[in-house]
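Residue strings, one per chain:
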Amino acid sequence: MTIRFNDETFRDDYTFFNSPEAIARFPFPFDRDDYMYSVNMEPHKTGPEGTPFNVRFDVDEHYVSEMRDREITLTEDPLRCQSLPHMELAGWDLLELIMRSKAEDYPELFELHCDGDRWHWINRPLGIDQRFTFGDATTLPYGPMEYITRQAQGDFAVLDQREDNLWMDAGMVTSQADWSLDFDIGMNFFEWHAPVPKAHEMGIFQRALKFLMQINQDNPARRLNWTMTVNPRLDTSPENYHKWGPEKRTITSENVGQKQYLRVELQTFWRLPRSNALAFPIRCYLINLEDLVSVPKWGRRLHRVLRDLPDELADYKGFAVNRPVIVDYLSQHDDGAATSAGIYPTADDAPRTPA
Amino acid sequence: MTQVTFSPSIKTRPVYAPLQSQGDAPAILLCEGDGALAILDLAARDASVLGRAHLIHIPAGTAHGPRLRALGARMYHEAPSFEALAARYGKALADATMSTRLYLAGTEGLIAKATAAALAAGLPHQAIQAEHRGSIARRMQCVHCKGVTEEVTTDPFTCSHCGLTLFVRDHFSRRLGAFQGVCVDAETPGDVPATQEIRP
């Protein structure tokens, strides 16, 4: 499989785009026509061939440009990457996990050669050739977590496990759905989820925590989460909210198809071998409504989900103000036909009836 | 007696129970203003708490000093402000042992600052207790410029560092010792809601 990397931006002129291949493999987050919180965990082992579910750390056409966007964000605000002092070993664990996975899953793009603790890492898409000593941070240009997450799409939280809880004690966070690592670092599982409405009362976090603490090295897990974002902006941080906030009010019925994006997080969970920490990558995928409705099943389903979503969730996810325009647009792409079970379209899904 | 009942809120919003004696373990007791009354109440319930205690008081215009001194703590000290106390408090935390208990009493701001300093010094959060007395003014961190504004009593308020108008969230960081303030008119610049007194 060869990947042609897009030359695109996630800010200012927003030249981001999805190729037809990227649309077809998009991790659409709804497997039914309605949505409510659940502990929607499943093993992160396999999925349909060619989709983000079938590799450990998906590398796609946005890789090079996303890493460039991360570098811009970090240059402006180095606090987006932080690690409390006791987390360095977990950083090495994460570096090893990502390097080995990428080298095995994409041998034409990445190579890792290990001779004892003397390692040689080659990252062809980013033009990196690095020899270093595993475990010795002075042999890398950054700490181990920062080094490897500057070369891996998605945000990364690294969670320490103690006192029957998970503690967000390290992270690289530049493509977040409006939360601040700098504020939340050091919090436990219940604390960093404190602002989420409803889910505490539903017992979601107690059950999720129990599940996550039992993940072992052989059984990584995953779940999908989602929100809506105006423009293909990765850095929707609270830090920069006063800069990107005005863009949220630019949606009209004319531009909603191009400017309004469904933002999906593929969250995966990995037990790390030396530190017993839990790596929590949060990989962000963006698709605008126009591309999304090119898959008739997804147009129908997203319409029904957003139309029927409780107001509280639309508020929390930050798109209540644009919901009427979004739902109106999507209604034009929902002919009322039944949708098949699962995420991707099947032969049972009817082609779209022209509106 | 200025005890406040706080509204139910999200899980990071600190809650303050009355101080509970952990007996005669080594202790640092730090109180500001009417927080002194919480220490006096604690001592009345169990005087042994003072046996190995370093009691520090910031009067903040109150006159509780003589009664606190009379409790007979192993060490007693009065300081004009938390800032003036920084080095002494830092040394007390550095000298703390595994069994040392920290008792805090006073305003939300005092409790937040003293807790953050104790956690940074390596005290486990289980060793820290706090009882609220006095003002409900908040320490607010601006999520945009990271500056902390002390003594915030209104919502929204103006960041004393960058000048943005911020709304007062209940989301609280123990590490920073501050609530989070977020630009209130980010999406519609200039469209600022009416200013209200913050509620407990």
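All values derive from a computational prediction rather than experimental measurement.

Analysis parameters
Residues numbered from 1 in each chain as written. Chains lettered and ligands numbered in written order. Predicted model: local features only at pLDDT ≥ 70, side-chain atom pairs only at ≥ 80, totals over all residues. Helix = DSSP H or I, 4+ residues; strand = E, 2+ residues; numbered from the N terminus. Rg over C-alpha atoms; globule rule 2.2 N^0.38 Å. Buried ≥ 20, exposed ≤ 12 C-beta atoms within 10 Å, placed from the backbone. Contact = placed C-beta atoms within 7 Å. Nonpolar A, V, L, I, M, F, W, Y, C, P; charged D, E, K, R; others polar. Domains from an automatic or database assignment. Pairing = 2+ DSSP bridges.

Trainee: For this particular structure, what's the right way to read the overall build of chain B?
Mentor: Assigned secondary structure in chain B consists of 4 helices and 12 strands. Against the globule reference of 16 Å for 200 residues, chain B gives a C-alpha radius of gyration of 18 Å, in line with a compact fold. Principal axes of the C-alpha set define a box for chain B whose edges measure 60 × 35 × 30 Å. When each of the 200 residues of chain B is scored for burial, the buried share is 42%. Considering only contacts in chain B between residues 6 or more positions apart, those separated by 24 or more positions represent 62%.

Trainee: Whenever I open this one, the interface of chain A and chain B confuses me. Can you help?
Mentor: Accessible area lost when the parts come together is the quantity often used to give the size of an interface. In this complex, chain A contributes 17 residues to the contact, which on the side of chain B involves 17 residues. Every element with two or more residues in the side of chain A that touches chain B is listed here: helix H6 (189–192) and helix H8 (241–244) of chain A. In terms of residue class, the side of chain A that touches chain B is made up of 8 nonpolar, 5 polar and 4 charged.

Trainee: When you look at the domain arrangement of chain B in this model, what are you seeing that I'm missing?
Mentor: All names here are of chain B. The assigned domain composition of chain B is domain 1 (27–132) and domain 2 (138–197). Computed over C-alpha atoms only, the centres of domain 1 and domain 2 are separated by 28 Å. The interface of domain 1 with domain 2 comprises 8 residues on the first partner and 9 residues on the second. Of the residues that constitute the side of domain 1 that touches domain 2, the class distribution is 3 nonpolar, 3 polar and 2 charged.

Trainee: How do you make sense of helix H1 (residues 35–45) of chain B when you look at a structure like this?
Mentor: Side chains that are three or four residues apart share a direction in an α-helix, a result of its 3.6 residues per turn. Buried residues of H1 of chain B: Gly35, Ala36, Leu37, Ala38, Ile39, Leu42 and Ala43 of chain B, and no others. Contact partners of the buried residues in H1 of chain B: strand E1 (27–32), strand E2 (53–58), helix H2 (65–69), strand E4 (101–106), helix H4 (108–120) and strand E5 (128–132) of chain B.

Trainee: Which parts of the structure should I look at to understand the pairing of strand E8 (residues 221–230) of chain A?
Mentor: One face of the sheet, then the other: side chains in a regular strand alternate in exactly this way. Of the strand pairs in this sheet, strand E1 (residues 42–43) of chain A and E8 of chain A are connected by 2 bridges, and their pairing is antiparallel. Bridging across to E8 of chain A, glutamate 42 of chain A finds its partner in arginine 222 of chain A.

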